[in-house]
Amino acid sequence: MIYDCVLPVVLPLNSPHDGFRSWKSLCNVVEFSGIFDSEYRRPHSRCMENTRVALRKNITQVLGQCDRMNVWLSGLAGVGKTSVAFSIAEEMKAAGRLAATFFFSHKHAQKPAAIIPTIAYQLALAFPRIREDIVYAIENDDMLLSPGKSRADQMRELVIKPLQTLQFRQEPYTIIIDALDECSSSEEAARLVTLLTDALAGPALPFIHLIFTSRPEPHILAAMPSPVYQILLTTRDEDTKQDVRSFLRASLDKMRSTRPVVFGQPPIPWPSEKEFEILIFKAGDLFVYAAMTMNFISAAGHNPQERLDLLLREKSTVGADIDQLYRQIIDTLEDPLAHCQMLASIMHLSQPLSLAELQELFHAEKRNLAVTLEAFSPVILNDGVGRVEIYHPSLRDFIRDPLRSKEYHVDDEHAHQHLACCCLDSFLRRSSPPDRYPYWEWDTHLCMAYPSSELRDLLAQFTGETLRHWVQAAKDGDFYVRPSALSVVTKTCLSSEWIRGPSDVVIGWRIREAGRVMDKNRWKQLDYWIGQIFWRFHNPWPMRFYNSWSHRSGYSQRCHTQSKYRSCGHSGIFAPWLRNVTSVYRVVILTTNI
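In short, a report on the structure. This one's a predicted model, so the numbers in the text were calculated from it and none came from an experiment.

Here is what the cut-offs are and how they apply
Residues numbered from 1 in each chain as written. Predicted model: local features only at pLDDT ≥ 70, side-chain atom pairs only at ≥ 80, totals over all residues. Heavy atoms only, no water. Core = buried A, V, L, I, M, F, W, Y, C linked by side-chain atoms within 4.5 Å. Buried < 20%, exposed > 50% of the residue type's maximum accessible area, 1.4 Å probe, protein only. Contact = heavy atoms within 4.5 Å. Helix = DSSP H or I, 4+ residues; strand = E, 2+ residues; numbered from the N terminus. Expected span 1.5 Å × (residues − 1). 1 Å grid on protein atoms, 1.4 Å probe; cavity = no way out; pocket = protein on both sides within 12 Å on 5 of 7 lines; lining within 4 Å. Points joined across faces, edges and corners; volume = space filled by probe spheres on them. Nonpolar A, V, L, I, M, F, W, Y, C, P; charged D, E, K, R; others polar. Axes fitted to C-alpha atoms, helices over the stretch in contact; angles between N-to-C directions. Parallel < 35°, antiparallel > 145°, perpendicular 65-115°, else oblique. Left-handed = near helix turned anticlockwise from the far one by under 90°. Salt bridge = Lys/Arg side-chain N within 4 Å of Asp/Glu carboxyl O.

**A look at the nonpolar core**
Here's step 1: Formed by 106 residues in total, the largest nonpolar core has its most connected members in Leu-248, Phe-376, Leu-395 and Trp-442.
Here's step 2: Those residues in contact with Phe-376, other than ones at most four positions away along the chain, are Met-292, Tyr-326, Ile-329, Ile-330, Leu-343 and Leu-395.
Here's step 3: With 51 residues, the next largest nonpolar core counts Ala-137, Leu-210, Phe-212 and Met-224 among its residues.

**Side note on helix α3 (residues 81-94)**
Here's step 1: Given a rise of 1.5 Å per residue, 14 residues ought to cover 20 Å, and the 20 Å separating the end C-alpha atoms of α3 matches this to within 8%.
Here's step 2: Within the sequence span of α3, burial applies to Lys-81, Ser-83, Val-84, Ala-85, Phe-86, Ser-87, Ile-88, Ala-89 and Met-92.
Here's step 3: Following α3 by one or two positions, Gly-96 has its phi on the positive side, about 75 degrees.

**Looking at the layout of surface pockets**
Here's step 1: In this structure, the second largest pocket spans a volume of roughly 700 Å³.
Here's step 2: Together, 24 residues line the second largest pocket, and His-106, Lys-107, His-108, Pro-352 and Glu-389 are the ones closest to its centre.
Here's step 3: Within the lining of the second largest pocket, the residues separate by chemical class into 9 nonpolar, 7 polar and 8 charged.

**Observations concerning the packing of helix α20 (residues 412-429) against helix α22 (residues 453-475)**
Here's step 1: At a minimum axis distance of 9 Å, the contact between α20 and α22 shows a crossing angle of 30 degrees. In terms of orientation, α20 lies roughly parallel with respect to α22. Seen from above, α20 lies across α22 with left-handed handedness. Only Glu-454, Leu-455, Leu-458, Leu-459, Gln-461, Phe-462, Thr-466 and Trp-470 of α22 make contact with α20, whose side of the interface consists of Gln-417, Ala-420, Cys-421, Leu-424, Phe-427 and Leu-428.

**Focus on the pattern of salt bridges**
Here's step 1: Following the criterion strictly, the structure yields 24 salt bridges and no others.
Here's step 2: In this structure, Arg-215 engages Asp-397 in a salt bridge whose closest nitrogen and oxygen atoms are separated by 2.8 Å. Highlighted residues: Arg-215 in the loop between β4 (208-214) and α8 (218-223) and Asp-397 in helix α18 (residues 393-400), separated in sequence by 182 residues.
Here's step 3: For Asp-397, a relative accessible area of 22% gives the class partly exposed.
Here's step 4: A salt bridge links Glu-277 to Arg-245, with the nearest nitrogen and oxygen atoms 2.8 Å apart. Placement of the pair is Glu-277 in helix α11 (residues 273-283) and Arg-245 in helix α9 (residues 238-258), with a sequence separation of 32 residues.
Here's step 5: On the basis of relative accessibility, which here comes to 34%, the residue Glu-277 falls in the partly exposed class.
Here's step 6: A residue is classified by how much of its surface remains accessible, and Arg-245, at 25% relative accessible area, is partly exposed.

That's the geometry; what it means functionally is another story.
And the structure:
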């Protein structure tokens, strides 16, 4: 038999192949959702034309100085910090002075370990001269990009040392870190501030200004070095109020011109000056309030004047009361509590889902879902294609805080109870394929859910025909449920907090027995597939070894697992060894809790 021989190609350590591999390794760990103009962040939030003019001019003047002054733009949720940061980033990029950005966001699962590599990736693109230095650092340390690597080591090797080759450049550059308060933890946010400010303050580096934006939280304030150019956006900022005024006036004029049936042609003056001034007072300097207001007034199928009257009916003692606006919007909905429950459920999903997946999950409440997404569209990301996410912190804070949402508050237990009911309803309808959200997360929601009568009734129905279908499907090898899922549900159903009568015990034992049967079948299937993997390896050497030893040894007749692996096409001396390998695989799978 003739074999094709392929000689290995030996490459030098610092070959172009290594450089390409190292660059690819860096690209694989980059968090692209943190780059300001990434497609993952659409729709981008930027300042309207002729707004925030004085503020942006003030910031760009600081960034134009050849020193190491850093900027901290702070303010409450909704004042437009991200819009300002995005517009500044656009200006700096157009001028060729943007070094890197990282925009934190709750709507993306951003890992702290990816922050420094993401900054290094952008530096390599902004300054091609240092790309080779970054790649060389990765080649010399295979663990440099690993999550467990010291952030200080990453900063030194991927950012500081490469930038030292640019120390004689006289032009100042900018790195922007937006929404620092949305970092994974307050400790991580404080560490990042300290790491960046200390590392980039060295004299052997080009002039780099850091811009941080965040809420004025104590742990961030404590981490900010001195001196820092702090800009606090407040509800008493006259320039911001003027910008909000311009936004509302332009939006209302646009509405008048596009609704001739309501306002006539040519459109009549609207609203009155008194109404407009009250609206301005209510909005304060919160752009998110102004955006929510315009969305509420311009809702299709409603009279704009009537919607405006609803907003102006309840007088505010202070401006920019976003909580009052949220409550007023909820008040106008047909079933306020149902819509609040919908918002809370979307917030408590283990992962964001697309619109189609949400419609499938909330099958019985599709209309409520559509109305909720429409009513809160300025603070909910929903383009009909990507994932639906509540991305603005003001709405998340409102729903979570009982002192703010008051009678509309939905606690965690009831949110999980709603999601668990939706998952069970999906099972009963058999509408979702096994790879969809309900099958992967139903146990997570059920173990944290409030044991309501509705949830108990659905679980009792589930343990009938549906659970039997699961068991039979598992026996046929057509469907698998996570082994830990039925175990978690069993523990929950047999806990003292859940049991209220004999029927609850019966339900718990049914789920336990189903899990035992499905788990036993899982090992049978595992044995089969390990046999497939090893016995269908048609290599001449094991075939010759098999032919010369199997029949002489008599293992083919005595082996316990002969019939089990006969379907693979072979049996004999390898069968006992395969059984040992199967045992090892079982231990690995049990310890990893697949």
